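So the chains spell out like this:
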Amino acid sequence: MAKFRKGGGKKLPAIGTSSLPDIIFMLLFFFMATASKKEVTSRIMCELPTATELTKLEKKSLVQYVYIGIPRQNEQKNHGVSSRIQLDDAFAKSSSEVGVYISQKREAMPEKDRDKMIVALKVDKETKMGIVTDVKQELRNARALKINYTANQRK
Amino acid sequence: MAKKREVQEINASSMADISFLLLIFFLVATSMSTNQGLSRKLPEPINKKQNIEDVEVNRRNVMQILINSKDMLMVNGEVMNVDRLKDKAKEFIANPYNSESLPVKKPVEIPLLGTQMITKDHVISLQNDRGTSYQAYLDVQNNLVAAYNELREELSREKFQKTYLDLDSLEQKAVQTYYPQRISEAEPKNYGQN
């Protein structure tokens, strides 16, 4: 090896950066695979209640979300300060919209999954039960019977 | 190798920056939503047939839980703290000493377990006010589910020497038949104020 070395020129070999994009892409794909899509931007203030007997929702594709809570500070001018129901990105005018919304969501699901649909209720812990009961009645009438009261683990 | 060649160290300091940038981007873009909660099943929408059946429930088979708008709890006519509810519910569901005031035990043929005396007709009736806070309601639901879970856990340890989660589906079914979950939520009523 030394044979080919030129005497004076102590030039450094160029750093091989050709593998850099590969590494970056690997990272990118890893995170893309593990990341889950953000459902919706919450327009309500929602501090979840706590409980101990929790079950994990395994398949996200089976879950539909209903949010209930007081509108965020910047929404309060237009939407008031009392508890509201949020479906996707919009506020529902009344609880009767929930049934229609859930039926639509169920129609959009593949047929074999429709019976397994779970409705997750993300409800602020200070909410009064009145509005929650209305939503539950709507879900019952829409025959979306599997529900999940989203909660945090109590320490 | 006669002469020691100096190996150029690869300048990888920017690598960390790039990775962190990506990491942060995905952390921001990913929702850190809590996807766990209390799973419940709502009752079927009412039809007329059910109404007639509902009348014929023995008084001792019912545990009536009321939550008022001040988040106070009343169980079978007496005021109770939510912490005590779980033990009360466990006693009610299992009726370990065949008490006269607790649900009637009836012999039921259960696969794997044989004929057992169980309180198969017990009902926990839950009624809340429209002004009840969600946390109070969930506390009650949580305690009731905890009562069932603990009873099932105890039974599966006794009969199968395993935890409930380790049982296969047939064994789980047997345990579920032994302690059927019967929580009924009364039709919502409005007591005057909202």
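Note that the structure is predicted; figures quoted are calculated from it, not measured.

Here we look at the overall build of chain B
Scanning chain B from N- to C-terminus turns up five helices and eight strands. Secondary structure of chain B in N-to-C order comes out as α-β-α-β-β-β-α-β-β-β-α-α-β. Sequence-distant contacts, at least 24 apart, represent 63% of the contacts inside chain B between residues at least 6 apart.

Thoughts on the interface of chain A and chain B
With 47 residues of chain A at the contact, the number on the chain B side is 41 residues. Only helix H1 (20–34), strand S3 (55–56), strand S7 (118–123), helix H4 (129–141) and strand S8 (146–150) of chain A provide two or more residues apiece to the side of chain A that touches chain B. Per element, the largest residue contribution to the side of chain A that touches chain B is nine residues, and it comes from H4(A). Among the residues forming the side of chain A that touches chain B, the class breakdown is 24 nonpolar, 11 polar and 12 charged. As judged from the two bridges shared by S3(A) and strand S1 (residues 36–41) of chain B, these two strands associate in the antiparallel manner. Bridged to A:Lys56 within S1(B) is B:Gln36.

Observations concerning the confidence of the model for chain B
Where the model shows low pLDDT, its predicted coordinates should not be examined in detail. A residue-level look at chain B finds 85% of positions with pLDDT of 70 or above and a mean pLDDT of 82. Predicted confidence in chain B is weakest over helix H2 (residues 48–55) of chain B, with a mean pLDDT of 54, and strongest over helix H4 (residues 134–160) of chain B, with 92.

Things to note about the sheet that holds strand S7 (residues 123–128) of chain B
All names here are of chain B. Overall, mixed pairing links the five strands, which are arranged S4-S3-S2-S7-S8 in an open sheet. With partners counted over all chains shown, the strands left at the sheet margins are strand S4 (78–80) and strand S8 (183–185), one partner each. Mean inter-strand twist for the sheet, computed between neighbouring axes without regard to direction, equals 30°. Two elements, strand S2 (residues 62–67) and S7, share six bridges in a ladder whose sense is parallel. Directly across from Met 63, in S7, lies its bridge partner Ile 124. The strands touched by helix H3 (residues 85–94) within the sheet are S2, strand S3 (73–75), S4 and S7, with S3 carrying the most contacts at an inclination of about 20°.

Observations concerning the packing of H3(B) against H4(B)
When two helices pack together, their arrangement is given by the angle between their axes and by how far apart the axes lie. Residue and element names in this part refer to chain B. Relative orientation of the contacting elements H3 and H4 amounts to 50°, with a least axis distance of 8 Å. As the angle between them shows, H3 and H4 are arranged oblique. In the packing of H3 onto H4, the handedness of the crossing is right-handed. Across from Leu 85, Lys 86, Ala 89, Lys 90, Ile 93 and Ala 94 in H3, the residues of H4 making contact are Val 140, Asn 143, Leu 144, Ala 146, Ala 147, Tyr 148, Glu 150 and Leu 151. The class makeup of the residues in the contact of H3 with H4 is 10 nonpolar, one polar and three charged.

Details of the nonpolar core
General note: in soluble globular proteins, nonpolar side chains tend to be found buried as a group. By size, the foremost hydrophobic cluster in this structure holds 52 residues, and its most contacted members are A:Val66 and A:Ile68. Residue contributions to this core peak at nine residues, all from H4(B). Apart from residues lying up to four places away in sequence, A:Ile68 is in contact with A:Ser83, A:Ile85, A:Leu121, A:Val123, A:Asp124, A:Thr127, A:Ile131, A:Val132 and A:Val135.

Observations concerning H1(A)
Note on helix geometry: an α-helix contains 3.6 residues per turn, so any two residues three or four positions apart are oriented the same way. In a regular helix each residue adds 1.5 Å, so 15 residues correspond to 21 Å; H1(A) covers 21 Å between its end C-alpha atoms and thus fits that length. Burial analysis of H1(A) places just zero of its 15 residues in the buried class, which makes it a mostly uncovered element.

As for the packing of helix H3 (residues 96–108) of chain A against H4(A)
Residue and element names in this part refer to chain A. Where H3 meets H4, the axes come as close as 8 Å, and the angle between the chain directions of the two elements is 40°. In terms of orientation, H3 and H4 fall into the oblique class. For the crossing formed where H3 meets H4, the hand is right-handed. Contacts from Ser 96, Val 98, Gly 99 and Ile 102 in H3 reach Val 135, Glu 138, Leu 139 and Asn 141 in H4. Of the residues that constitute the contact of H3 with H4, the class distribution is four nonpolar, three polar and one charged.

Definitions and limits used
- Residues numbered from 1 in each chain as written.
- Chains lettered and ligands numbered in written order.
- Predicted model: local features only at pLDDT ≥ 70, side-chain atom pairs only at ≥ 80, totals over all residues.
- Helix = DSSP H or I, 4+ residues; strand = E, 2+ residues; numbered from the N terminus.
- Contact = placed C-beta atoms within 7 Å.
- Nonpolar A, V, L, I, M, F, W, Y, C, P; charged D, E, K, R; others polar.
- Pairing = 2+ DSSP bridges.
- pLDDT = per-residue confidence, 0-100.
- Axes fitted to C-alpha atoms, helices over the stretch in contact; angles between N-to-C directions.
- Parallel < 35°, antiparallel > 145°, perpendicular 65-115°, else oblique.
- Left-handed = near helix turned anticlockwise from the far one by under 90°.
- Core = buried A, V, L, I, M, F, W, Y, C linked by C-beta atoms within 7 Å.
- Buried ≥ 20, exposed ≤ 12 C-beta atoms within 10 Å, placed from the backbone.
- Expected span 1.5 Å × (residues − 1).

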